[in-house]
Amino acid sequence: MESKKEFFLECYKLGIIKFGRFTLKSGIESPFYVDLRPLASDPKILKNLANYLLDMLPLDNFDLICGVPYAALPMATAMSLESYIPLIIKRKEAKEYGTKKMIEGIYQKGQNCLLVEDVITSGKSLVETIAEIEQEDLKVADIVVVLDREQGGKQLLESRGYRVHTLFNISEVCTILQENGELSDDEVKRIQDFLLGNHIQFEEKTRSSYQQKFENAQHSVSKKLLEIALAKESNLIASADVTTTAALLDLAEKVGPHIIALKTHIDIISDFEYEKTILPLKQIALKHQFLLMEDRKFADIGNTQELQFTSGVFRITDWADFVTSQVIGGFESLDCFKNVGVVAIVGMSSKGTLTSNSYREEALKVALSHPNVIGGVSQNPIPEEILLFTPGVNLADSGDGKGQQYNTPEHIFKTLHTDFMIVGRGIYQSENPEQAALIYKNEGWKSYLNSLEKNPVEH
Ligand code: 5BU
């Protein structure tokens, strides 16, 4: 192979670095702009690049190669072809349908994965990619990078225990170009000044605590929920999907001390009588200090929803503290829920749900702008202004054979920044619901506390 310097000059001819004044996504003005994607269009260069990257470290240890999407995908592919180390593919977004896998290809838990990145700046996209790979129980220890912009990313990753192998850095690139008459001394000086003043301090996004959310909460029901969560050190909502009044009251009594709210589907109670079902339920809620959440999932025009909310045998308006509602009927369909909090259905947990990205986006617009809305049900992160409720939680199962898909408390608090987890069968179908509620409560609280930590990447 030619020398590294000659190789760089060949790459440079493809227009991968431009000098001038460029406004970056962050709003900062940069004296240079890097885009390594043209490298993939020259097969000889791509092949040479793959070999230069592979030559930087011993390869005996790696079972897999993975590129950070998109620019590094062809590089990782070429490295795999040259080294015979199998390739896995990281998605940018989880699939909407079928498996929610973020990583595609054949791999086994515990395997070592070599990560490939084109350009490292703050290190943010690498940190996120590593978290997702580690989520699949794969190990990442080494990262190869084509160009280091020298703005702090390498140090960040090294401080977290990863080895970062960079083929070129911007200073040496400038020297090569200066020697070759491509860059004037003034330009080099300008770049050096920029690099001195532009170390990006990448702060991982942390979640707000219940205390902070409590202080900012506008709606009285949000305030109350957060107050109970803090007092009980619990973020658990038990879903009481039982079908008799006796079973409902029995469950409420048993799990009451450990939960912040009991979620009902009141229309599945076969012997429902307002006096015999609701009045004692309210007593138990008062005694154990939890709220009542009716999971009615209203989905009609405003007038019909109002009737369903206030009339019939259930008279939900008289006893529920908060209710779930679809937002498919539009903003005004939520106006009738004046005396309760509304939890908007943004995304569902079941396989094949129609709550696609674009649906969720529209649903969130309604949820965020309506004063009756206190939160959303979703399997994806939502803005912090409203509370996130996540069902589909079970410590023992991954599904129920009827389309339900389960996550662990650790997953939803760490990756979704969930506020409250909803557990049904994991508790009411257990042999000892009281003990099960306590286990979920402790697990949920521990996961919440962990999710407050700034640096969830463990080594
Ligand atoms: P499970 O037994 O933990 O699977 O019960 C989950 C409860 O949450 C059940 O009452 C559902 O109706 C409810 N749920 C859900 O599972 N997934 C969703 O997306 C929504 C509600 Br919305």
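So, how was this worked out
- Residues numbered from 1 in each chain as written.
- Predicted model: local features only at pLDDT ≥ 70, side-chain atom pairs only at ≥ 80, totals over all residues.
- Heavy atoms only, no water.
- UniProt positions renumbered as here; feature names shortened; annotations may be inferred.
- Helix = DSSP H or I, 4+ residues; strand = E, 2+ residues; numbered from the N terminus.
- Buried < 20%, exposed > 50% of the residue type's maximum accessible area, 1.4 Å probe, protein only.
- Contact = heavy atoms within 4.5 Å.
- Polar contact = N/O pair within 3.5 Å; in protein donor to acceptor, adjacent residues only side chain to side chain.
- Pairing = 2+ DSSP bridges.
- Axes fitted to C-alpha atoms, helices over the stretch in contact; angles between N-to-C directions.
- 1 Å grid on protein atoms, 1.4 Å probe; cavity = no way out; pocket = protein on both sides within 12 Å on 5 of 7 lines; lining within 4 Å.
- Points joined across faces, edges and corners; volume = space filled by probe spheres on them.
- Core = buried A, V, L, I, M, F, W, Y, C linked by side-chain atoms within 4.5 Å.

The name an unreviewed UniProt entry assigns to the chain is Orotate phosphoribosyltransferase, from the organism Chryseobacterium gilvum. Quoted verbatim from the Subunit (unreviewed entry) field of UniProt, the annotation for the chain is "Homodimer."

A. The arrangement of the overall build of the chain in detail. Helix and strand counts for the chain come out as 16 helices and 16 strands. The principal-axis extent of the C-alpha atoms belonging to the chain is close to 90 × 45 × 35 Å. Split into buried and exposed, the 459 residues of the chain put 50% on the buried side. In the chain, once contacts between residues fewer than 6 apart in sequence are set aside, the share between residues at least 24 apart is 66%.

B. The UniProt feature "binding site: orotate" (unreviewed entry) in the chain, seen in detail. Annotation from UniProt places "binding site: orotate" (unreviewed entry) at Thr121 and Arg149. Maximum C-alpha separation among the annotated residues is 5.3 Å over a sequence range of 29 residues, consistent with a single clustered spot. A relative accessible area of 24% places Thr121 in the partly exposed class. Here Arg149 shows up in the loop between β7 (139–148) and α5 (153–159). Not counting residues within four places of it along the chain, the set of residues in contact with Arg149 comprises Leu24, Ser30, Phe32, Val34, Val119, Ile120, Thr121, Ile170, Phe194 and Leu195. Polar side-chain contacts of Arg149 include one of 3.3 Å to the side chain of Ser30.

C. Seen up close, the sheet that holds strand β14 (residues 373–377). Sheet architecture is closed into a barrel: 8 strands sit in the order β9-β10-β11-β12-β13-β14-β15-β16, paired in parallel fashion. The sheet shows a mean angle of 25° between the axes of neighbouring strands, direction not considered. Against the sheet, helix α9 (residues 220–232) makes contact with β10 (261–264), β11 (291–298), β12 (322–325), β13 (341–345), β14, β15 (387–390) and β16 (420–423), and its axis sits at roughly 130° relative to β11, the strand it touches most. The strands touched by helix α10 (residues 245–255) within the sheet are β9 (236–240) and β10, with β10 carrying the most contacts at an inclination of about 160°.

D. Structural detail: empty space enclosed by the protein. Following the criterion strictly, the structure yields 1 cavity of 30 Å³ or more and no others. Taken as a whole, the largest cavity spans an internal volume of roughly 50 Å³. Forming the walls of the largest cavity are Phe8, Cys11, Ile16, Ile17, Leu36, Leu39, Val146, Leu147 and Phe168. Among the secondary structure elements, those contributing two or more residues to the lining of the largest cavity are α1 (4–12) and β7.

E. Up close: the nonpolar core. Counting residues in hydrophobic clusters, the biggest one holds 77 residues, and the most contacted among them are Leu262, Phe322, Phe389 and Phe420. Here Phe389 is in contact with Leu225, Ile237, Met293, Phe322, Val343, Ile374, Gly375, Gly376, Val377, Ser378, Phe420 and Ile422, once residues within four sequence places are set aside. Ile16, Leu54, Ala72 and Leu177 belong to the second-largest nonpolar core, a separate cluster that totals 46 residues.

F. Expanded view of unusual backbone geometry. The omega angle of the peptide bond from Pro69 to Tyr70 is -10°, so this bond is cis rather than trans. If you trace the backbone, Tyr70 turns up in the loop between β3 (64–67) and α3 (72–83). One non-glycine residue, Lys297, lies in the positive phi region at around 45°. For Lys297, the position within the fold is in strand β11. With a phi angle near 40°, Arg315 is a residue other than glycine that sits in the positive phi range. Tracing the backbone through its elements, the reader meets Arg315 in the loop between α12 (302–310) and β12. The exposure class assigned to Arg315 is partly exposed, which follows from its relative accessible area of 31%.

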